[in-house]
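# Architecture and fold: a report
Here is what each chain is made of, one letter per residue.
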Amino acid sequence: MLELEMLKKISYEIGPIRPPSEGRHSLLLRLTRNCPWGLCKFCYGKPYNRERFKIRGIQEIEREIENVKTLKDGIETISKKLGGMEWTALALSSYSLYGKEVSELNLGEFLNFQCIMNVFSWIRDGARTVFLQDADNLMMRTDDLVEILRFFKRTLGAPERVTSYARGRTVFKKPMSELKEIKKAGLSRLHVGLESGDELVLKYMNKGMTPQELIVGGKKAIEAGFELSLYVILGLGGKSMWRRHAENTAKVLNEINPDFVRVRRLVPLKDTPLFEEWKRGEFILLSPHEELKEIATLIKGLEFEGKVCFDHFANPFYHTGAGFRWVFKQDSEGYQFPQEKEEVLRRIEKALEIDESNFIAAGDLSTLETL
Ligand code: SF4
């Protein structure tokens, strides 16, 4: 089929990570590459292979938006010819496209296949959500970011939601008028790593910002009209600072009142400074029961109106006779606060009744490549 041959010639750049809440259904568009900071002890820019941060050129990005449009039109034509997306899914298998299994594709074929699959999943879900990569797109000149968002709308229509990661310090420094302009142009949700509301923990982790800056930045983002999703790292204070980490994080979250709090469990990643400290015994991870007590302290301190989500597989889980079970539900909408606060506390209480040896400890996950 002619259209299939055409799809094989079109690609665009896709970055390495996205939040789980921007699952397979979100179109991925890479405006910048990597992280402009790259020095947080627990991350160290590892998800981006520690490569240098780069803001991509507007023309290059606009060409890629046109490529997405060409792929979208091609897939829709195939769908009409074949009688629906289910048949189209079969036509878009790696075997139909390249005559081989995914594992046998060369790099060029694999990247092309990734783009076709991304656009296919996006339109099958109604082309509703877009995630802009990589770690901090607010580092772009505001005029350029606004131009790209407008070009996207002119070319592909207005999606329901456009989201991006942003560093708290960048939001803190961006003038309010510019944040409002970016919001008006179509960026609707920001994912920001708060990690901890405690000054000492942030300093120890080399986060490069203070709780006060995060409070100002978070409030600015909300005032500018963005939905705000803040990440908190469970266990980031280790054994020595867990209580202040939990209590001060709750205080900062209460002040900001974000739409989402997303809990991520600290798992030491290989080749990061924190991994080395942990191996040398200088940083001590919490045990699974201690982690649960830390979450309980955080949750008890929370007096905000938003959702608390545990949407990552590394969050606390344990063995049962019939496989693994997670303490909290894993979906990206989580628990509505304050209504479901008691439910979260009840789950923690029940989990604490399970023998600790049944839990998978954070250290046991540290060799996984998929975190
Ligand atoms: S700012 Fe974010 S992406 Fe960059 S090093 Fe820190 S945690 Fe990693």
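Okay, so let's go over this structure. (Residues numbered from 1 in each chain as written. Predicted model: local features only at pLDDT ≥ 70, side-chain atom pairs only at ≥ 80, totals over all residues. Heavy atoms only, no water.)

### Some details on the overall build of the protein
Counting its regular elements, the protein contains 14 helices and 12 strands. In terms of overall dimensions, the protein is globule-like: its C-alpha atoms have a radius of gyration of 22 Å, near the 21 Å expected for 371 residues. Looking at the protein as a whole, 54% of its 371 residues are labelled buried. Of the contacts formed within the protein by residues at least 6 apart in sequence, a portion of 79% connects residues at least 24 apart. (Helix = DSSP H or I, 4+ residues; strand = E, 2+ residues; numbered from the N terminus. Rg over C-alpha atoms; globule rule 2.2 N^0.38 Å. Buried < 20%, exposed > 50% of the residue type's maximum accessible area, 1.4 Å probe, protein only. Contact = heavy atoms within 4.5 Å.)

### Thoughts on the site of the ligand
As a structural note, the neighbourhood of the ligand is formed by Cys35, Gly38, Leu39, Cys40, Phe42, Cys43, Gly45, Arg167 and Lys207. Considering only residue class, the shell around the ligand consists of 5 nonpolar, 2 polar and 2 charged. (Near = heavy atom within 4 Å. Nonpolar A, V, L, I, M, F, W, Y, C, P; charged D, E, K, R; others polar.)

### Observations concerning the pattern of salt bridges
Two side chains that carry opposite charge are able to pair once their charged atoms sit near each other. Tallied over the entire structure, the rule returns 36 salt bridges. Glu213 is paired through a salt bridge with Arg169; the nearest N and O atoms lie 2.6 Å apart. Separated by 44 residues along the polypeptide, Glu213 in helix 10 (residues 211–223) and Arg169 in helix 7 (residues 168–173) bring together distant segments of the chain. Judged by relative accessible area, Glu213 falls into the buried class, the value being 16%. Here Arg347 and Glu343 are joined by a salt bridge, their closest N and O atoms 2.9 Å apart. (Salt bridge = Lys/Arg side-chain N within 4 Å of Asp/Glu carboxyl O.)

### Considerations on the sheet that holds strand 9 (residues 307–309)
With mixed pairing, 8 strands are arranged side by side in an open sheet as 1-4-5-6-7-8-9-12. With one partner strand each, in any of the chains shown, strand 1 (27–30) and strand 12 (335–336) form the two edges of the open sheet. Packing of helix 11 (residues 238–256) onto the sheet brings it into contact with strand 6 (189–195), strand 7 (227–234) and strand 8 (260–265), and relative to strand 7 it is tilted by some 175°. Helix 13 (residues 288–301) contacts strand 7, strand 8 and strand 9 of the sheet and is inclined by roughly 145° relative to strand 7. (Pairing = 2+ DSSP bridges. Axes fitted to C-alpha atoms, helices over the stretch in contact; angles between N-to-C directions.)

### Quick look at the pairing of strand 10 (residues 317–320)
Sheet analysis places strand 10 next to strand 11 (residues 323–326), joined by 4 bridges and oriented antiparallel. Looking at the pairing, His319 lines up with Phe324 of strand 11. Hairpin geometry of strand 10 and strand 11 is characterised by an intervening segment of 2 residues between the two adjacent antiparallel strands.

### What about the environment of Gly334?
With respect to the helices, strands and loops of the structure, Gly334 is situated in the loop between strand 11 and strand 12. When the C-alpha atoms of Gly334 and Phe310 are compared, they prove to be 6.5 Å apart, with 24 residues separating the residues in sequence. In contact with Gly334, not counting residues within four places along its chain, are Val308, Cys309, Lys329 and Glu340.

### Considering the side chain of Asn137
Counting through the fold element by element, Asn137 comes out in the loop between strand 4 (129–133) and helix 6 (142–156). Among the polar contacts listed, one links the side chain of Asn137 to the backbone oxygen of Gln133, at a separation of 3.4 Å. (Polar contact = N/O pair within 3.5 Å; in protein donor to acceptor, adjacent residues only side chain to side chain.)

### Quick notes on helix 11
Maximum bend of helix 11: about 30°, positioned at Arg244. By the burial criterion, the buried members of helix 11 are Gly238, Met241, His245, Ala246, Asn248, Thr249, Ala250, Val252, Leu253 and Ile256. Buried positions along helix 11 lie against strand 6, helix 9 (199–204), helix 10, strand 7, strand 8 and helix 13. Asn257 occupies a position one or two residues after helix 11 and carries a positive phi of about 55°. (Bend = angle between axes of the 7 residues up to and from the residue.)

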